[in-house]
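What the coordinates show
Residues per chain, in single letters:
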Amino acid sequence: RSLNGRTAVVTGAGSGIGRAIALRLAEDTAKIAVWDINGDGAAETVKLIEAAGGTAIAITADCSDKAAIHAAAEETRAKLGPIAILVNNAGIAPFTPFMDIDDDLFDKVIHINLRGPYLLTKEVLPDMLAAGWGRVINITSSSVQSGSFAQGHYVSSKGGLMGMTKALALEFAPSGVTFNMVPPGFIDTPMLRAAPIDADAFAQTLPMKRIGKPEDIAAACAYLASEEASYITGQTISTNGGRYMG
Ligand code: NAD
């Protein structure tokens, strides 16, 4: 389980799934750069990592903004060294009936959920290529398999991220950098609790009869970040309690 003190950037790590991923990768000895637009959330995650004996820094950054991404990456490199692991987790998931989605909202969702990971990957990939080792893990969504009511913008963004993951996996396959994705099912986070869904009732329709925990997603990410996953690229670890298979 050792990540050998490598540096990991986890976006949106001030809450929910991202926080659990940051804590788990820190437990596995990575040095963590906790990036979030919510600085208080990021600082709280760093406190939790340090309390558990890990190393982390908090960076307040809008992960859809190119200049902010570059500044955050430079700060990460200066404080923790070259970036070896990137988890693109930051995202927003509004519910809007399709005919009510205005063009600005569509663009905002695409900017945060898809263009952000594109910009981030471009920013940090040179570190990984220079080292001949890297891991990019994209947090997508099981809604790409199922569709999701009133989420035409969101599902489009996550479907795009899945496509990008596979394209880059192929393009960079010989380089030692892998690109994989983890689509969560229904995971108990502030995002899910804010959604117009009765999560506890929904849980009873799932094969495992429970909503997932952020730690379930973190465990899949920890595996993909590890040495053991070095021959795995362009793949998906669906973490959804058995809701969708194959
Ligand atoms: P969350 O709302 O609890 O956490 C998301 C974090 O991302 C927040 O801390 C937020 O401040 C941050 N963020 C949002 N926009 C940002 C930006 N522009 N720049 C930087 N940080 C930003 O949500 P979560 O449930 O932990 O979701 C994490 C990821 O998992 C998201 O990509 C989400 O789409 C995906 N996901 C979640 C579920 C679920 O059931 N919770 C299901 C499928 C996919």
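What comes next is a walk through the structure. None of the values given here were measured: they were computed from a predicted structure. (Residues numbered from 1 in each chain as written. Predicted model: local features only at pLDDT ≥ 70, side-chain atom pairs only at ≥ 80, totals over all residues. Heavy atoms only, no water.)

**A few points about empty space enclosed by the protein**
Using the criterion set out here, one finds 1 cavity of 30 Å³ or more in the structure. Computed from the structure, the largest cavity encloses a volume of approximately 30 Å³. Lining the largest cavity we find Thr11, Cys63, Asn88, Asn89, Ala90, Ile112, Gly116, Pro117 and Leu120. For the lining of the largest cavity, the leading source of residues is helix α4 (residues 103-131), giving 4 residues. (1 Å grid on protein atoms, 1.4 Å probe; cavity = no way out; pocket = protein on both sides within 12 Å on 5 of 7 lines; lining within 4 Å. Points joined across faces, edges and corners; volume = space filled by probe spheres on them. Helix = DSSP H or I, 4+ residues; strand = E, 2+ residues; numbered from the N terminus.)

**Re the site of the ligand**
Contacts to the ligand come from 28 residues, most closely from Ser15, Asp36, Asn89, Tyr154 and Thr189. Between the ligand and the protein, one listed contact pairs an oxygen atom with a side-chain N or O atom of Asp36 at 2.6 Å. Within the backbone of Ile37, an N or O atom sits 3.2 Å from a nitrogen atom of the ligand. Here the ligand, which alone exposes 820 Å², has 91% of that area covered by the protein. The cavity that encloses the ligand is the largest pocket. Listing elements by their share of the shell around the ligand, those giving two or more residues are α1 (16-27), α6 (152-171) and α7 (190-194). (Near = heavy atom within 4 Å. Polar contact = N/O pair within 3.5 Å; in protein donor to acceptor, adjacent residues only side chain to side chain. Areas by Shrake-Rupley, 256 points an atom, 1.4 Å probe, with all protein chains shown as cover. Sits in = over half its atoms within 2 Å of the grid points.)

**Comments concerning the environment of Gly234**
Locating Gly234 in the fold gives a position in the segment after α9 (214-225). Residue Gly234 is classed as buried on the basis of its relative accessible area, which comes to 15%. Along the backbone, Gly234 and Tyr118 are 116 residues apart, and their C-alpha atoms lie at a distance of 16 Å. Setting aside anything within four residues of it in sequence, one finds Gly234 in contact with Lys166, Ala169, Phe179, Asn180 and Met181. (Buried < 20%, exposed > 50% of the residue type's maximum accessible area, 1.4 Å probe, protein only. Contact = heavy atoms within 4.5 Å.)

**Remarks on the nonpolar core**
Grouped together as the largest cluster of nonpolar side chains are 32 residues, with contacts concentrated most on Ile21, Leu25, Ile32, Val34 and Ile85. Per-element accounting of this core gives the leading share, 7 residues, to α9. Sequence-distant contacts of Leu25, defined by excluding residues within four places in its chain, comprise Leu3, Ala8, Val10, Ala30, Ile32, Ile85, Val87, Cys221, Ala222 and Ala225. Core analysis: the second largest hydrophobic core is formed by 29 residues, Ala61, Ala90, Met164 and Phe179 among them. (Core = buried A, V, L, I, M, F, W, Y, C linked by side-chain atoms within 4.5 Å.)

**A closer look at the environment of Gly176**
Note that Gly176 resides in the loop between α6 and β6 (177-182). Gly176 gets classed as partly exposed once you look at its relative accessible area, which sits at 28%. Along the sequence, Gly176 and Leu224 sit 48 residues apart, while their C-alpha atoms lie 13 Å from each other. With residues up to four places along the chain from it excluded, the contact list for Gly176 reads Gly132, Trp133, Gly134 and Arg135.

**So, unusual backbone geometry**
Phi angles above zero are rare outside glycine, and Thr29 is one such case at about 80 degrees. Relative to the helices and strands, Thr29 is located in the loop between α1 and β2 (31-36). The class of Thr29 is partly exposed, set by a relative accessible area of 37%. In the Ramachandran plot, Ala150 falls in the positive-phi region, its phi being about 60 degrees despite a non-glycine side chain.

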